Amino acid sequence: MAYDKFTILRSTAVPLPTENVDTDQIIPARFLKATEREGFGDNLFRDWRYDVEGNPKKDFVLNDPTYSGKILVAGKNFGSGSSREHAVWAIYDYGFRCVVSSFFADIFKNNCLNIGVLPVTVSAEFANKLFAAIQSDPSTEIEVNLPEQKIKLLSTGEFESFDINEYKKDNMTNGFDDIDYLLNMSSEIDAFAASN
């Protein structure tokens, strides 16, 4: 399934400094029955966002109109727990295109790259600078430059570089998942097959 191309993203951000957020907190298991990728955003952080009657909890950041944007700045060890890709479907469907943290669970990070959400790993110090800047001024913008592999706090110009696998970088830049990548090479595959 193709997704939005990712090159340079400039956006405000939503701060979620909680550490050790697992995939069951991102999307509770009771919402995993659907097999389509749409509609999961409504249940992103469901048990943190809503009370048992379905009323929004005013103290949760996604319910606070002060914060918005396409970037989620998360606490350390984001996406731990089970390997459910539905967690990333929920993040993408909600509208986030990038998650920034000082540490991601490996499977979650790979799921992000396969679904079109860029996981950007930064130092704990840089993450703290981002949290402080966003909390002191929610209109603070962050620039995530995938071609240059840099994330910049635009208000100060401070930046860090981040790593990404070249194959996944190419896929993100083109909006490809693994199948789209192969389909894009179909003429080359056909030519190779014909030559053998």
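Residues numbered from 1 in each chain as written. Predicted model: local features only at pLDDT ≥ 70, side-chain atom pairs only at ≥ 80, totals over all residues. Heavy atoms only, no water.

Visitor: What exactly am I supposed to notice about unusual backbone geometry here?
Guide: Negative phi characterises most residues that are not glycine, and trans characterises most peptide bonds. One non-glycine residue, Phe45, lies in positive phi territory at about 55°. Position of Phe45 relative to the elements: it lies in the loop between helix 1 (23-26) and helix 2 (46-49). With relative accessibility at 0%, the residue Phe45 sits in the buried group. (Helix = DSSP H or I, 4+ residues; strand = E, 2+ residues; numbered from the N terminus. Buried < 20%, exposed > 50% of the residue type's maximum accessible area, 1.4 Å probe, protein only.)

Visitor: What's the story with the environment of Arg97 in this structure? I'm lost.
Guide: Residue placement: Arg97 occurs in the loop between helix 3 (86-94) and strand 4 (98-101). Note: C-alpha distance between Arg97 and Val117 (20 residues apart in sequence) is 4.7 Å. In contact with Arg97, not counting residues within four places along its chain, are Asp4, Phe6, Leu9, Lys70, Tyr92, Gly116, Val117 and Leu118. Of note is the side chain of Arg97, whose polar atom sits 2.8 Å from the backbone oxygen of Tyr92. (Contact = heavy atoms within 4.5 Å. Polar contact = N/O pair within 3.5 Å; in protein donor to acceptor, adjacent residues only side chain to side chain.)

Visitor: Please clarify how the nonpolar core should be interpreted in this entry.
Guide: Proteins that are soluble and globular tend to have nonpolar side chains buried together. Formed by 55 residues in total, the largest nonpolar core has its most connected members in Phe45, Phe78, Phe108, Leu118, Ile142, Val144 and Ile151. When near neighbours in sequence (up to four residues on either side) are disregarded, Phe78 contacts Leu16, Val21, Ile26, Phe45, Leu72, Ile91, Val99, Ser101, Phe103, Phe104, Ala105 and Phe108. (Core = buried A, V, L, I, M, F, W, Y, C linked by side-chain atoms within 4.5 Å.)

Visitor: I'm lost on the packing of helix 3 against helix 4 (residues 106-115) in this one. Help?
Guide: The description of two packed helices rests on the angle between their axes and on the distance between the axes. The geometry of helix 3 relative to helix 4 is characterised by a closest axis approach of 9 Å and an angle of 50° between their N-to-C directions. Judged on the interaxial angle alone, helix 4 and helix 3 are oblique. Relative to helix 4, helix 3 is oriented so that their crossing is right-handed. Along its contact with helix 3, which presents Ala87, Val88, Trp89, Ile91 and Tyr92, the element helix 4 presents Phe108, Asn111, Cys112 and Ile115. Its residues assigned to classes, the contact of helix 3 with helix 4 comprises eight nonpolar, one polar and no charged. (Axes fitted to C-alpha atoms, helices over the stretch in contact; angles between N-to-C directions. Parallel < 35°, antiparallel > 145°, perpendicular 65-115°, else oblique. Left-handed = near helix turned anticlockwise from the far one by under 90°. Nonpolar A, V, L, I, M, F, W, Y, C, P; charged D, E, K, R; others polar.)

Visitor: Is there a simple way to explain the pattern of salt bridges in this structure?
Guide: Here the idea is simple: oppositely charged side chains can pair when their charged atoms come close. Under the defined criterion, the tally for this structure stands at four salt bridges. Asp4 is paired through a salt bridge with Arg97; the nearest N and O atoms lie 3.1 Å apart. With Asp4 in the segment before strand 1 (8-11) and Arg97 in the loop between helix 3 and strand 4, the pair connects residues that are 93 residues apart, well separated along the chain. In this structure Arg97 comes out as buried when scored by relative accessible area, which is 15%. Across the salt bridge formed by Arg84 and Asp24, the nearest N and O atoms sit 2.9 Å from each other. (Salt bridge = Lys/Arg side-chain N within 4 Å of Asp/Glu carboxyl O.)

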